[in-house]
Amino acid sequence: GIVYPNHRMLVCAVALAIFLAGCPSQGVREDRTITSSADSKSVAFQHGRKGVYVRSAGELMKVFQPSDDVIATSTPQFSPVDDRTIFCTAAPPASSGVPKQDTPARDDWDANPEGRDFHERNVTYSCWLRDPNGEPVKLFTAQCGHSGYVAANLAVHWRHDGQRIWHIEQIEDGRHRLMLFDIASGQSEYVGSPIADELVFDISPDGGTLVCVAGSERANAFFDGIWVRELPEGKWWRVDGSENLLRGSGVPLLEAVRASLPVWRPADSQG
């Protein structure tokens, strides 16, 4: 592991090499996590075509029904400061020319209890915000080059203040970068992240450190590897030796980048 200021530590998954060598999947695995609010009094989850659900005060409520053109729905995420939730839906881009009725059939939910596999295709995704006392409201839309960004819950994360949202955006050359959306202004800004064919990110539990993993199909890609930035004013730096990501045969690049994302270990944990 790598020790950072205030004894924060990032630990790469021990099973990474085994996973990449033996994973038979040809797609990116869907996330089916059940999330809980900061006070643990509410939980939320997505159930494919059946929609998004929240359980609060002992009552289970469907809070969102995806439209017919939705390919994937992400796991809802509770705000760090209250009971608001965000989630994303992915649909074919309007410019794709794919009519709704021709949207590829989705795998049966119950046939894949560990999560369905999602494959590479350009999508437009929408980020929705739900207040506990209201209906979900669309905050913004963005492009990405793989439906797995939404299905695997890789597209968005709350900022620790509950007022802004980190999110992935695909740019004109097909690569991806990290943006920060401000709820009050309704605007996104680029945060100087690595730019790569595939990009995943995470934030430390205290909101003080941002991590990205960048991977590219292109030779000699400058940004490939694990990048770290201390917030709010720190500069990005790459972890030594991380530029050559492990990738098993047949494993999609996005899944390999996802599997390379470090995990946070509490400062007081052992090992």
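Here the structure is a predicted model, which is why all the values come from computation and not from measurement.

**Q** What's the story with the pairing of strand β15 (residues 164–170) in this structure? I'm lost.
**A** Successive residues of a regular strand alternate their side chains across the two faces of the sheet. The element β15 is extensively covered by neighbouring structure, given that six of its seven residues are classed as buried. Two strands pair when backbone bridges link them, and strand β14 (residues 156–158) and β15 are joined in this way by three bridges, in the antiparallel orientation. Each residue of the ladder has a partner; that of Val 156, found in β15, is His 167. Between the antiparallel neighbours β14 and β15 lie five residues, among them Gly 162 with a positive phi of about 70°. Two elements, β15 and strand β16 (residues 176–182), share seven bridges in a ladder whose sense is antiparallel. Looking at the pairing, His 167 lines up with Met 179 of β16. Taking the residues between adjacent antiparallel strands as the criterion, β15 and β16 are bridged by five residues, where Gly 174 takes a positive phi near 95°.

**Q** Would you mind going over the pairing of strand β10 (residues 85–91) with me for this structure?
**A** Summarising burial for β10: seven of the seven residues are buried, a large majority. Residues Thr 85, Phe 87, Thr 89 and Ala 91 of β10 are buried on one face, and the alternating residues Ile 86, Cys 88 and Ala 90, pointing to the opposite face, are buried as well. Across two bridges, the pairing between strand β8 (residues 72–73) and β10 is antiparallel. Following the sheet pairing, Thr 73 is matched in β10 by Thr 89.

The rules behind these values
Residues numbered from 1 in each chain as written. Predicted model: local features only at pLDDT ≥ 70, side-chain atom pairs only at ≥ 80, totals over all residues. Heavy atoms only, no water. Buried < 20%, exposed > 50% of the residue type's maximum accessible area, 1.4 Å probe, protein only. Helix = DSSP H or I, 4+ residues; strand = E, 2+ residues; numbered from the N terminus. Pairing = 2+ DSSP bridges.

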